[in-house]
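Examining the three-dimensional arrangement
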Amino acid sequence: MSESKKPSLDDWKAATEKGLKGKPASSLEWSTPDGITIKTVYTKADVENLRSQDTLPGFAPYLRGPHTTMYAGRPWTIRQYAGFSTAEESNAFYRRTLAGGGQGVSVAFDLATHRGYDSDHPRVVGDVGKAGVAIDSVEDTKVLFDSIPLGTISVSMTMNGAVLPVLASYVIAAEEQGVPQDQLRGTIQNDILKEFMVRNTFIYPPTPSMRIVGDIIEYASKHMPLFNTISISGYHMQEAGADASLELAYTLADGKDYVKTAVERGMGVDDFAGRLSFFFAIGMNFYLEIAKLRAARMLWCEIMEDFGAKKASSKMLRTHCQTSGWSLTFQDPYNNVMRTTIEAMAAVFGGTQSLHTNALDEAIALPTDFSARIARNTQLVLQEEAHITHVADPWGGSYMMESLTQQIADKAREVMKEVDQAGGMVKAIEAGLPQRRIEEASARRQANIDRGLETIVGVNKYKPKDEKAIDAFKVDNKAVRLSQIDRINKVKASRDQSKVNACLEALTQAAASGKGNLLELSINAMRVRCTLGEVTQAMEKIFGRHTPHTSTVSGVYGKVWADDPQWLDLKKDVDAFAAKEGRRPRMLVVKMGQDGHDRGAKVIASAFADAGFDVDLAPLFQTPEEVAEQAVENDVHVVGVSTLAGAHNTLIPQLIQELKKKNAEDVVVVCGGVIPQQDYEELRAAGVADIFGPGTSVAVSARRVIQRISGQI
């Protein structure tokens, strides 16, 4: 019996083109947002001469995983990232999570805490207890971790701006539990470069901020050997709009600068590098997200070898991952369960060491117990029912995956080279390079979604006819703030003020002289019950508070829409308004309070400007009074409020009242972002003209705004 001829790639192409009726097989190829081409079929030729072909899990360059047996030996850690209003409520949630299968605690802090303000500060009226837990002193931290054994439970804290008092209060809370520093396990994010790039919850300027990073690495290397001193985060870059290769490149470039900072202090690479960890976002580009994590380990190994690292632990990239918050949709929200599952599988196939899965309602508000349980059970099912833990790197040797891993690694190398040519990440950030690249990617992707070139099920395709609102978790911001103020007053009444003054003065002197370890001094201060705001202010006297520069890209959104009839009609309406009024419609785009997540605000500002509006993008962190003042000074027709962190019910009505005080009732106020439908009626009653929920096309919202200010609706 003769053997049949083995089909070749040419045979496949011929058969494919026949099925496509003469079209080339390459017409099926897809280009990712990164510009990486995904082919329809891969062969052995695609992986010839790749380094990955000779690697195994647990061996350099760790492309196939940092551990030899991976999940067969130990599954990834299941984490639940959460913080709810008060320390008491958050503690209750953590305890329920641990009892329900969670294996570690990940703390989300409120924005007042992130920005180094005590809860009684006038700039944080709308932020206390929103989007996280309020921490003002060690007493709050003790309640937060009550009955949670800090000697055995790993604690991850997403904190960068107020990293010193927060980490210090954790150390003291553990100390008063009877747990010494050398037994503490977990991670503090401590990634300030990412804050200057995208998330904006910084306090001090870059130079003193990098000193703080170094002080924490140095102190913890001596006294907290089991604790990860920094979690170098790409997560918020992807959430701000970065594609996978930008996220990968900028995250590793940040890591290089942190290593340089420690080395320049005289520390040996192998003395601290083993306690560095990473944090990546996992979005809906399934194959690319797997490849990203594999490439990250390979590239980091190369980077650390260049620094002279000898220990295997110094060259391993270990990472936590979190499913995307941005990919969650306000519309048809139960689809978010599937999205999170797909993203969780990508993180696992990519080899993450721990994972947080977002809840289905997080595009609307903080998760409920119901949705958080589904999110946690998603990981439990993957670990204990799907049997995917039995094989280390099941994608190893895949023609497609090995090729894609190399492609994204090469793309990231190009981006990192650009950063190196700019003088490193600090200088690149100061020049606005990574911010600009991310903003361009964000605007381009939003334009593609709005125009329907990228499908989001239930949002721009397959929309449900009838949609019922789901229950959303709501924090009583006023009650939480009053409770926190009462606790602050009790702490201040019971402490030794002379010891407080001495500790705060020591911090100020150390900030001024450059001598002394700021984490050690912060631990001393929190031990005598200084507050988070007082510790922050003691250093702010010397360092100052950083003021970010706001800017937007132009032409990116409009380019995608350039030939669309709907867009062309919108531009005609804008031109007609200008002809009638003698000037173009003027819009002030703002974020109020301490929320620095400005992706939405920047996309809106950029897209409206491309449509022909005159757009002013307000500085971050403004109060309603400051926004009203700017609106009047700039003589705007409309104020567009972008909101994400839940402070809208407090701050937007205050803004409308401030406009009335200035006799500017004619200024139209609209808002958009993460706003539960249950809040719509209250906002409209306060005077909000229009509300644009997540997923609303910018072209649609721009048309409604022009109709509003024209008096057509």
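See the structure above.
Report follows, based on the coordinates.

Moving on, we get to empty space enclosed by the protein. Counted according to the given criterion, the structure contains 5 cavities of 30 Å³ or more. Looking at the largest cavity, its volume works out to about 110 Å³. As for the largest cavity, its lining consists of 15 residues, and the residues nearest its centre are Met592, Ser642, Thr643, Ala647 and Leu651. Breaking the lining of the largest cavity down by element, the ones donating at least two residues are strand S14 (638-643) and helix H26 (648-661).

With respect to topology, 5 strands assemble into an open sheet ordered S13-S12-S14-S15-S16, the strand pairing being parallel. One side of each edge strand has no neighbouring strand; the edge strands of this open sheet are strand S13 (614-617) and strand S16 (690-692). In this sheet, adjacent strand axes meet at a mean angle of 20 degrees when their direction is disregarded. Bridge count between strand S12 (residues 586-590) and S14: 4 bridges; the pairing is parallel. Bridge pairing in S14 links Leu588 to Val639. Relative to S13, helix H24 (residues 599-611) is tilted by about 160 degrees, and along the sheet it contacts S12, S13 and S14.

With that settled, consider the environment of Val179. Within the element layout of this structure, Val179 appears in the loop between helix H5 (163-177) and strand S6 (186-188). You can call Val179 buried: its relative accessible area is 10%. Put simply, Val179 and Pro149 are 30 residues apart on the chain and 8.5 Å apart in space, counted from C-alpha to C-alpha. Every residue in contact with Val179, bar those within four places of it in the chain, is listed here: Leu150, Gly151, Ala174 and Leu184.

Turning next to the pairing of strand S15 (residues 668-673). Taken across its 6 residues, S15 has 5 buried, putting it largely inside the fold. Relative to S15, S14 runs parallel, the two being bridged by 6 bridges. By the bridge assignment for S15, Thr643 is matched with Gly673. Taking the sense of rotation as the criterion, the β-α-β connection linking S14, H26 and S15 turns out right-handed. For S15 and S16, the ladder comprises 3 bridges, and the chain directions are parallel. Residue pairing for S16: Val670 is matched across the bridge by Asp690. Read from S15 through helix H27 (residues 680-686) to S16, the crossover connection turns out right-handed.

Attention now moves to H26. Helix length check: H26, at 14 residues, gives a terminal C-alpha distance of 20 Å against a target of 20 Å (1.5 Å per residue), a fit within 8%. Looking at H26, one finds that the buried residues are His648, Asn649, Thr650, Leu651, Ile652, Leu655, Ile656, Glu658 and Leu659. Buried residues in H26 make contact with helix H18 (477-494), helix H25 (624-633), S14, S15 and H27. Within two residues after H26, Asn663 carries a phi angle of roughly 55 degrees, on the positive side.

Moving on, we get to the pattern of salt bridges. Within this structure, the stated rule accounts for 44 salt bridges. One salt bridge in this structure joins Glu454 and Arg445, with 2.7 Å as the shortest N-O distance. In this structure Glu454 comes out as partly exposed when scored by relative accessible area, which is 21%. For Asp690, the salt bridge identified is with Arg704, shortest N-O distance 3.0 Å.

Here we take up the nonpolar core. A general tendency of soluble globular proteins is for nonpolar side chains to be buried together. Core analysis: the largest hydrophobic core is formed by 82 residues, its most contacted members being Leu248, Tyr250, Leu252 and Trp300. Here this core takes 11 residues from helix H11 (residues 286-306), the largest share from any one element. Of all hydrophobic cores here, the second largest spans 58 residues; its members include Ile188, Met224, Ala538 and Met539.

Here the focus is the layout of surface pockets. Taken as a whole, the second largest pocket holds about 930 Å³ of empty space. Contributions of two or more residues to the lining of the second largest pocket are made by strand S3 (77-82), strand S5 (155-157), S6, strand S9 (276-282), strand S10 (319-323) and strand S11 (354-356). In terms of residue class, the lining of the second largest pocket is built from 12 nonpolar, 23 polar and 5 charged.

Following Ala60, the chain continues into Pro61 via a peptide bond in cis, with omega recorded as 10 degrees. You can see Pro61 is positioned in the loop between strand S2 (37-38) and S3. Of note in the backbone geometry, Ala131 takes a positive phi value of approximately 65 degrees without being a glycine. Position of Ala131 among the secondary structure elements: in the loop between helix H3 (111-114) and helix H4 (138-144). Classification of Ala131 by relative accessible area gives partly exposed; the value is 31%. Of note, the phi angle at Asn663 is positive, near 55 degrees, even though the residue is not glycine. Summarising the element assignment, Asn663 is placed in the loop between H26 and S15. Given a relative accessible area of 64%, Asn663 falls into the exposed group.

Let's shift gears to the pairing of S10. Two faces make up the sheet, and in a regular strand the side chains alternate between them. Among the 5 residues that make up S10, 5 are buried, leaving the element largely enclosed by the rest of the structure. As defined by bridge partners, S9 adjoins S10 across 5 bridges and the pair is classed as parallel. Across the sheet, Ile282 pairs through a bridge with Thr323, a residue of S10. In this sheet, S11 lies alongside S10 in parallel orientation, the contact comprising 3 bridges. Its bridge partner being in S11, Gln322 is matched across the sheet by His356.

Moving on, we get to the packing of aromatic side chains. Two measures describe an aromatic ring pair: the distance that separates the ring centres and the angle between the ring planes. Applying the stated criterion across every chain, the model contains 18 aromatic pairs. Taking 5.2 Å as the distance between ring centres and 15 degrees as the angle between the ring planes, the aromatic pair formed by Phe196 and Phe202 counts as stacked. The exposure class of Phe196 is buried, given its relative accessible area of 8%. Classification of Phe202 as buried rests on a relative accessible area of 1%. On the basis of an interplanar angle of 45 degrees and a centroid distance of 5.6 Å, the ring pair of Tyr557 and Trp567 is categorised as tilted. Taken together, the residues span a long stretch of sequence, with Tyr557 in helix H22 (residues 556-561) and Trp567 in helix H23 (residues 565-581) at a distance of 10 residues. On the basis of relative accessible area, Trp567 is assigned to the buried category, the value being 3%. In textbook terms, an aromatic cluster arises when at least three aromatic residues are bridged by ring pairs, as seen for Phe286, Tyr287, Phe349 and Trp395. The ring of Tyr42 is capped by Lys39, whose NZ or CZ atom sits 5.3 Å from the centre of that ring.

With that settled, consider a nonpolar patch on the surface. A cluster of nonpolar side chains, Met284, Met338 and Ile342, forms an exposed patch at the surface whose accessible area comes to about 250 Å². Looking at where Met338 falls in the secondary structure, it is placed in helix H13 (residues 335-350).

Within the secondary structure, Tyr170 sits in helix H5. In this structure Tyr170 comes out as buried when scored by relative accessible area, which is 0%. Non-local contacts of Tyr170, meaning those with residues more than four positions away in its chain, are made with Thr141, Phe145, Leu150, Val155, Met157, Leu184, Arg185 and Phe227.

Reading guide: rules and limits
- Residues numbered from 1 in each chain as written.
- Predicted model: local features only at pLDDT ≥ 70, side-chain atom pairs only at ≥ 80, totals over all residues.
- Heavy atoms only, no water.
- 1 Å grid on protein atoms, 1.4 Å probe; cavity = no way out; pocket = protein on both sides within 12 Å on 5 of 7 lines; lining within 4 Å.
- Points joined across faces, edges and corners; volume = space filled by probe spheres on them.
- Helix = DSSP H or I, 4+ residues; strand = E, 2+ residues; numbered from the N terminus.
- Pairing = 2+ DSSP bridges.
- Axes fitted to C-alpha atoms, helices over the stretch in contact; angles between N-to-C directions.
- Contact = heavy atoms within 4.5 Å.
- Buried < 20%, exposed > 50% of the residue type's maximum accessible area, 1.4 Å probe, protein only.
- Right-handed = clockwise from strand over helix to strand, strands pointing away.
- Expected span 1.5 Å × (residues − 1).
- Salt bridge = Lys/Arg side-chain N within 4 Å of Asp/Glu carboxyl O.
- Core = buried A, V, L, I, M, F, W, Y, C linked by side-chain atoms within 4.5 Å.
- Nonpolar A, V, L, I, M, F, W, Y, C, P; charged D, E, K, R; others polar.
- Phe/Tyr/Trp six-rings, centres within 6.5 Å; stacked < 30°, edge-to-face > 60°.
- Lys NZ or Arg CZ within 6 Å of the ring centre and 35° of its normal.
- Patch = residues over 30% accessible without salt bridge, like charges linked within 9 Å, V, L, I, M, F, W, Y side chains within 5 Å.
- Areas by Shrake-Rupley, 256 points an atom, 1.4 Å probe, with all protein chains shown as cover.

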